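# Residue-level structural notes
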Amino acid sequence: MSSMWMYVQDNGHTDGQSLVGFTVEAADGSIGHVDRQQDQPGMQHLVVDTGVWKFGRSVLIPAGAVTAIDTRAQTVKVAPSREEIKAAPRFATDSETGDPDYLSAVGDYYFSLRSAPLR
């Protein structure tokens, strides 16, 4: 797995910290709240309940996309925009979090956003 599955240093994350219930903010607005999280090293990610924004679906966001965590405000900021998150490989069930092919596709997608040219 790539570095997409680990929190970057100095973003406010601490080991064992629960982010469940925190609001998730994309580069251009709120996308929902953290419903579940996985903290297994090398597989860290958030499952975000998008509510009505994305028709009640959840999205899986690798920890490497997290840019800042504010425990006082209970917010998690992520680098991708709302549209980029909408275009990510679709998350349907928790069983996908153990599927290497799905995780590879998600990791590759979010990694490609890091190296995309500025718009």
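Everything discussed here concerns the structure shown above.
Quick look at the structure, then. The structure presented is a predicted model; accordingly, all values stated were derived computationally and were not measured. (Residues numbered from 1 in each chain as written. Predicted model: local features only at pLDDT ≥ 70, side-chain atom pairs only at ≥ 80, totals over all residues. Heavy atoms only, no water.)

## Observations concerning the overall build of the chain
Regarding its fold elements, the chain presents two helices and six strands. The helix and strand sequence of the chain, counted from the amino end, reads β-β-β-β-β-β-α-α. Residues counted as buried form 41% of the 119 residues belonging to the chain. For the chain, the proportion of contacts with a sequence separation of at least 24, taken over those separated by at least 6, is 54%. (Helix = DSSP H or I, 4+ residues; strand = E, 2+ residues; numbered from the N terminus. Buried < 20%, exposed > 50% of the residue type's maximum accessible area, 1.4 Å probe, protein only. Contact = heavy atoms within 4.5 Å.)

## As for the pairing of strand β1 (residues 23-26)
Side chains V24 and A26 of β1 all project onto a buried face; the interleaved residues T23 and E25 project onto a face where none is buried. Where β1 and strand β2 (residues 29-38) come together, four bridges link them in antiparallel fashion. Looking across to β2, one finds that A26 is bridged to G29. Linkage of β1 to β2, two consecutive antiparallel strands, is achieved through a turn of two residues. As judged from the three bridges shared by β1 and strand β6 (residues 75-78), these two strands associate in the parallel manner. (Pairing = 2+ DSSP bridges.)

## Digging into the pattern of salt bridges
Pairing of side chains with opposite charge becomes possible as their charged atoms draw close. By the definition in use, this model includes four salt bridges. Residue R36 pairs with D35 through a salt bridge whose shortest N-O separation is 2.3 Å. As a salt-bridge pair, R36 and D94 come within 2.7 Å of each other at their nearest N and O atoms. Of the two residues, R36 sits in strand β2 while D94 sits in the loop between α1 (82-86) and α2 (100-114), which places them 58 residues apart along the sequence. Residue R36 is classed as partly exposed on the basis of its relative accessible area of 28%. Here D94 falls in the partly exposed class, since its relative accessible area comes to 40%. Within the structure, one salt-bridge network assembled from shared partners comprises D35, R36 and D94. (Salt bridge = Lys/Arg side-chain N within 4 Å of Asp/Glu carboxyl O.)

## Comments concerning the environment of V106
Position of V106 relative to the elements: it lies in helix α2. Classification of V106 by relative accessible area gives buried; the value is 0%. The sequence separation of V106 and A88 amounts to 18 residues, and the corresponding C-alpha distance is 6.8 Å. Aside from chain neighbours lying at most four places away, what touches V106 is W5, L60, P62 and P89.

## Notes on the packing of aromatic side chains
On inspection of all chains with the given rule, the structure shows one aromatic pair. Aromatic pair Y109 and Y110: ring centres 5.3 Å apart, planes at 85 degrees, arrangement edge-to-face. The residues Y109 and Y110 share a single accessibility class, namely buried. (Phe/Tyr/Trp six-rings, centres within 6.5 Å; stacked < 30°, edge-to-face > 60°.)

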